[in-house]
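Here are the chains, one letter per residue:
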Amino acid sequence: PMEVLTAMRQLPNVVPLQRQGALAVRNISSRLIKMAEAEQSGKVDTSISVGGGTEAIPSVEARDTFLDLGAESVLRDIAGKHQGSVDEAYAALRD
C-alpha cells in the first residue's frame with residue numbers, strides 16, 4: 001500500500017498512474033475484505049503457505065492501512081484534478 005500511495009504522491013500529474021493507483025487501492029482493499037467475510041462465514045480458507053507454515057492473509061487491516069497512509073486525501077485530490085481517473089478515485093473512496 002505504501003508504494004502505491006508514494007508513487008501517486010510523487011507523480012500527481014501522470015493520469016494513467018493515478019488511475020491505476022486508484023484501481024489498485026480499490027481492488028486490494030475490497031477483495032481482502034470480501035475474503036475476510038468469506039472466511040468468517042466458513043466458506044473459504046484464506047491462509048497461505050509461508051516457509052513451511054501457514055499465515056492468514058491480512059484482510060480488514062488493508063483498509064485501515066490505506067487510511068493510515070493518507071489514501072483518502074490522495075484519492076480526493078486526484079478526483080478533483082484528473083478527469084481520466086475520477087471514476088476510479090471515487091470507487092476506491094467508496095470501497
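Residues numbered from 1 in each chain as written. Predicted model: local features only at pLDDT ≥ 70, side-chain atom pairs only at ≥ 80, totals over all residues. Heavy atoms only, no water.

K.L.:
So what exactly am I meant to see when it comes to the overall build of the protein here?
P.N.:
Counting its secondary structure elements, the protein contains 5 helices and 2 strands. Sequence-ordered secondary structure for the protein, helices as α and strands as β, is α-α-β-β-α-α-α. Taking all contacts inside the protein whose residues are at least 6 apart in sequence as the whole, residues at least 24 apart take part in 59%. (Helix = DSSP H or I, 4+ residues; strand = E, 2+ residues; numbered from the N terminus. Contact = heavy atoms within 4.5 Å.)

K.L.:
Just to check I follow, could you spell out the nonpolar core for this structure?
P.N.:
Buried together is how nonpolar side chains tend to be arranged in soluble globular proteins. Formed by Leu5, Met8, Ala22, Val25, Phe66, Ala71, Val74, Leu75, Ile78, Ala79, Ala89 and Ala92, the largest nonpolar core amounts to 12 residues. Secondary-structure elements contributing two or more residues to this core are α1 (2–10), α2 (15–40), α4 (71–81) and α5 (86–94). The biggest single contributor to this core is α4, with 5 residues. (Core = buried A, V, L, I, M, F, W, Y, C linked by side-chain atoms within 4.5 Å. Buried < 20%, exposed > 50% of the residue type's maximum accessible area, 1.4 Å probe, protein only.)

K.L.:
Can you help me understand the environment of leucine 69 in this one?
P.N.:
Residue placement: leucine 69 occurs in the loop between α3 (60–68) and α4. Once the C-alpha coordinates of leucine 69 and methionine 2 are considered, the two residues, 67 residues apart in sequence, prove to be 6.8 Å apart. Not counting the four nearest positions on each side in its chain, leucine 69 is found in contact with Pro1, Met2, Leu5 and Arg9.

K.L.:
What's the story with the confidence of the model for the protein in this structure? I'm lost.
P.N.:
In this model, the protein carries a mean pLDDT of 79, and residues with pLDDT of at least 70 account for 71%. In the model of the protein, strand β1 (residues 47–50) stands out as the element of lowest mean pLDDT, 52, in contrast to α1, which has the highest, 93. (pLDDT = per-residue confidence, 0-100.)

K.L.:
Would you take a moment to explain the packing of α4 against α5 for this structure?
P.N.:
Relative orientation and spacing of two packed helices are given, respectively, by the angle between their axes and the distance between those axes. Axis separation between α4 and α5 bottoms out at 8 Å; the angle between their running directions is 155 degrees. Of the possible angle classes, the one that applies to α4 and α5 is roughly antiparallel. Where α4 crosses over α5, the handedness of that crossing is left-handed. Residue-level inspection shows Glu72, Leu75, Arg76, Ile78 and Ala79 of α4 in contact with α5, the latter providing Val86, Ala89, Tyr90, Ala92 and Leu93. (Axes fitted to C-alpha atoms, helices over the stretch in contact; angles between N-to-C directions. Parallel < 35°, antiparallel > 145°, perpendicular 65-115°, else oblique. Left-handed = near helix turned anticlockwise from the far one by under 90°.)

K.L.:
What's the story with α4 in this structure? I'm lost.
P.N.:
Residues three or four positions apart in an α-helix share a direction because the helix packs 3.6 residues into each turn. Among the residues of α4, Ala71, Val74, Leu75, Ile78 and Ala79 are the ones counted as buried. Angular distribution of buried residues about the axis of α4 spans 130 degrees; they occupy a single face of the element. (Arc of directions from axis to C-beta.)

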